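A structural walkthrough
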Amino acid sequence: MRKTIGPSRRLTVKIAAIAVTLTVVGLAGNGQTSAATATVNVGDFWFCNSTFSGSVCPTSIKTGDTVTWNWVGSASHTTTACSDGTFTTCGAAQGWDSGSMSTGTFSHTFNSAGTFFYHCQIHPAAMRGRIDVLQDTDGDGWSDVAEGIIGTDPLRRCGVNAWPPGINSDGHVDVIGDISTVANFFGQSVSTAPKRYDIAPDPPDGLIDVIGDISRLAGLFAQSCTP
Ligand SMILES: [Cu+2]
């Protein structure tokens, strides 16, 4: 006789599969979290990807993060800061200017919150972008606004309800106690699941999902908060 596998059994299987994957990944990733780097591709003739040719590509980061522009096309381009969304006053004085490049990378670190516009000086109509920098006062990788919604302390990186992915507050992301806890609420909205588990995106979307919350946790498996 064949046994039917019910929803809770399927979830257990799914969690076990996540655990096995994470154990393998974790061998290489036993570290601490720190400021992040976002990569923006620079192509012919767009920022991010070709769908943004002629429009503005948005990139969301937190204070202290770095954006690295990566030249992937063959023509020469720049990433040059502009004073506002009219893209009329642009140059190094507005924040940064890579100068003309056709290969390699250029990086800029954003230490203050705000909306920062940039374009390519050579193709200003086709190539435009925007960096949305959210305030992250404690530097734990979650914006102050997100932590306000999740219910963690935006001023502390470690401790009880301080670091969003440290679900059980032991300062470490594990399968038991963190990932499996959140996975148990898979598919639920924060009307029935705790807001504390809705750690992604930033700010949170009100839903406990695999693409957002569980994969974000999985990506931090075996990592610790830095006091
Ligand atoms: Cu260009």
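This is a predicted model, so every value here is computed, not measured.

Section: the overall build of the chain
Looking only at helices and strands, the chain features four helices and eight strands. Secondary structure elements of the chain, listed N to C terminal, follow the sequence α-β-β-β-β-β-β-β-β-α-α-α. Taking all 227 residues of the chain together, the buried fraction comes to 41%. Within the chain, residue pairs in contact and separated by at least 24 positions form 60% of the contacts whose partners lie at least 6 positions apart.

Regarding the sheet that holds strand β4 (residues 66–71)
A sheet is described by the order of its strands in space; here four strands give the open sequence β2-β1-β4-β6, paired in mixed fashion. At either end of the open sheet lies a strand with only one pairing partner, and these are β2 (46–47) and β6 (105–109). Sheet analysis places β4 next to β6, joined by five bridges and oriented antiparallel. In the strand pairing of β6, Trp 69 is matched with Phe 106.

Considerations on the coordination of the copper ion
Six octahedral donors at a metal ideally form angles of 90 or 180 degrees, and four tetrahedral donors ideally form angles of 109.5 degrees. Every protein donor of the copper ion is accounted for by His 77 (ND1), Cys 120 (SG), His 123 (ND1) and Met 127 (SD), and the metal-donor separations fall at 2.0 to 2.8 Å. Given four donor atoms and angles of 83 to 135 degrees at the metal, the environment of the copper ion is assigned as irregular. Each donor residue of the copper ion belongs to the same chain, with the gaps between them written as H-x42-C-x2-H-x3-M.

As for unusual backbone geometry
Put simply, Asp 44 and Phe 45 share a cis peptide bond, and its omega is 5 degrees. Examined against the element boundaries, Phe 45 turns out to sit in the loop between β1 (37–43) and β2. The omega torsion of the bond from Asp 202 to Pro 203 falls at 0 degrees, within 30 degrees of zero and hence cis. For Pro 203, the location among the structural elements is in the loop between α3 (175–183) and α4 (210–219). Non-glycine residue Asn 161 carries a positive phi angle of around 50 degrees. Looking at where Asn 161 falls in the secondary structure, it is placed in the loop between α2 (144–150) and α3. Unlike most non-glycine residues, Ser 169 shows phi in positive territory, near 60 degrees. Relative to the helices and strands, Ser 169 is located in the loop between α2 and α3. Taking relative accessible area as the criterion, Ser 169 reaches 23% and is therefore assigned partly exposed.

About the thresholds
Residues numbered from 1 in each chain as written. Predicted model: local features only at pLDDT ≥ 70, side-chain atom pairs only at ≥ 80, totals over all residues. Heavy atoms only, no water. Helix = DSSP H or I, 4+ residues; strand = E, 2+ residues; numbered from the N terminus. Buried < 20%, exposed > 50% of the residue type's maximum accessible area, 1.4 Å probe, protein only. Contact = heavy atoms within 4.5 Å. Pairing = 2+ DSSP bridges. Donors = N, O, S within 2.8 Å, 3.2 Å for Na, K, Ca; no water. Tetrahedral: all angles 85-135°; square planar, octahedral: opposite > 155°, others 65-115°.

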